[in-house]
Amino acid sequence: MLSNQEAFFTFVIMEKVAFIINPFSAKRNYLPFLNELRKKVENPLYYISESIEGTDEFIAAYFNQIDVFVAIGGDGTISTVARNLIHTDKILAIFPAGSGNGFSNETQFSKNLAELLDKLKVRKSRKIDTFTVNGKLSINVSGTGFDGKVVKEFEKTSRGFKNYIKVSLKTFFTYKPIKLKFSDEQYQKYNGKYLMINIANTRQFGNNAYIAPMASKSDGLVDMVLVKKFPITYSPLFAFRMFTKKLKGDDYITYLPVSEIEFKVNTKNWHLDGEFNKIKSPIHVKVQPSSLHILV
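Residues numbered from 1 in each chain as written. Predicted model: local features only at pLDDT ≥ 70, side-chain atom pairs only at ≥ 80, totals over all residues. Heavy atoms only, no water.

Asks: Would you explain the nonpolar core in this entry?
Replies: Nonpolar side chains in soluble globular proteins tend to end up buried together. In this structure, Leu-180, Phe-182, Ile-211, Met-224, Phe-238, Phe-263 and Val-285 are the most contacted members of the largest nonpolar core, which totals 45 residues. Each residue touching Phe-238, except ones within four places of it in the same chain, is listed here: Met-196, Ile-211, Val-227, Phe-230, Leu-247 and Ile-253. Within the second largest apolar cluster, 42 residues are counted, among which are Ala-18, Leu-34, Ala-82 and Ile-91. (Core = buried A, V, L, I, M, F, W, Y, C linked by side-chain atoms within 4.5 Å. Buried < 20%, exposed > 50% of the residue type's maximum accessible area, 1.4 Å probe, protein only. Contact = heavy atoms within 4.5 Å.)

Asks: Any chance you could explain the pairing of strand β10 (residues 196-200) here in plain terms?
Replies: Each regular strand carries side chains that alternate between the two faces of the sheet. Counting buried positions over the five residues of β10 gives five, a clear majority of the element. Neither face of β10 is open: one carries Met-196, Asn-198 and Ala-200, the other Ile-197 and Ile-199, and all of them are buried. Judged from the five bridges that link them, β10 and strand β11 (residues 222-227) form a sheet pairing that is antiparallel. Bridging across to β11, Ile-197 finds its partner in Leu-226. (Helix = DSSP H or I, 4+ residues; strand = E, 2+ residues; numbered from the N terminus. Pairing = 2+ DSSP bridges.)

Asks: Got a minute to help me understand the confidence of the model for the chain in this structure?
Replies: Interpreting fine coordinate detail is not advised for predicted regions of low pLDDT. Looking at the chain, pLDDT values average 89 and 93% of them are 70 or higher. Low pLDDT (under 50) marks residues 1-12, which in the prediction has ten contacts with non-local residues, meaning those over four places away or in another chain. (pLDDT = per-residue confidence, 0-100.)

Asks: Please clarify how the pattern of salt bridges should be interpreted in this entry.
Replies: Tallying each qualifying case throughout the model produces three salt bridges. Between Arg-203 and Glu-106 there is a salt bridge whose closest N-O contact spans 2.9 Å. With Arg-203 in the loop between β10 and β11 and Glu-106 in helix α5 (residues 102-106), this pair connects stretches of sequence that are 97 residues apart. You can call Arg-203 partly exposed: its relative accessible area is 24%. Note on Glu-106: relative accessible area 5%, which makes it buried. A salt bridge links Asp-118 to Lys-121, with the nearest nitrogen and oxygen atoms 4.0 Å apart. Highlighted residues: Asp-118 and Lys-121, both in helix α6 (residues 113-122), separated by three residues, approximately one helical turn. (Salt bridge = Lys/Arg side-chain N within 4 Å of Asp/Glu carboxyl O.)

Dropping the structure here:
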């Protein structure tokens, strides 16, 4: 039990903080987090959201009363919360509970509630970039082609890293490269067929798979990553380089740092921060510099 003084201190510090829980993340195993939160924080304001609309409505209802919104879930949950906070002075905080947790890894949030509460007491923040794909927000890595198809098939499973690998391998052998055509003349030399096209605001998809090891979330740019379909014999080297932050431009990979770009692809299958979306070409990608406050 907390002493009266400790309870009062915790209550005061946790004022103007709201916790938004995605109950479908981490195989619906959110109760341990919620039970620990209740033990450490007196009367925490939390919301168990079962829909994007519900999250939006909760944030709108409490927007003027809350300074920090804590997203408990994966990159999709975080992106849903973040889109309500873009271009405001509200702060995004994270407790990772997804299958990949790419954005959480890149912003130094761990599955340690005590550590998160310490950050909330200090309440320091900094601004980072976000970007849009045809007006739809992305905060981490989005893409089309092979990985868009993988996400579509992955959502039919019970998720988890093992299922992601299984789906990826199965898709690799059957997937036909997509056609890419740039609008801007300076990029038309890169027109062609690609296994996948990624737009990276941070370095990794998740699970420490670094698709864009030189990307920065605060430089006003995203890395457009063009990956040609490679022979199966190249797969082990590609995977090794990706998981050791050593992917670099070669015969199969091209990096284009851009702040804004337009192009066409012959598919509508995209993932935005790991969530499947249908998006029609032409595609317009635009960086929103310093548009989101993140807890540090």
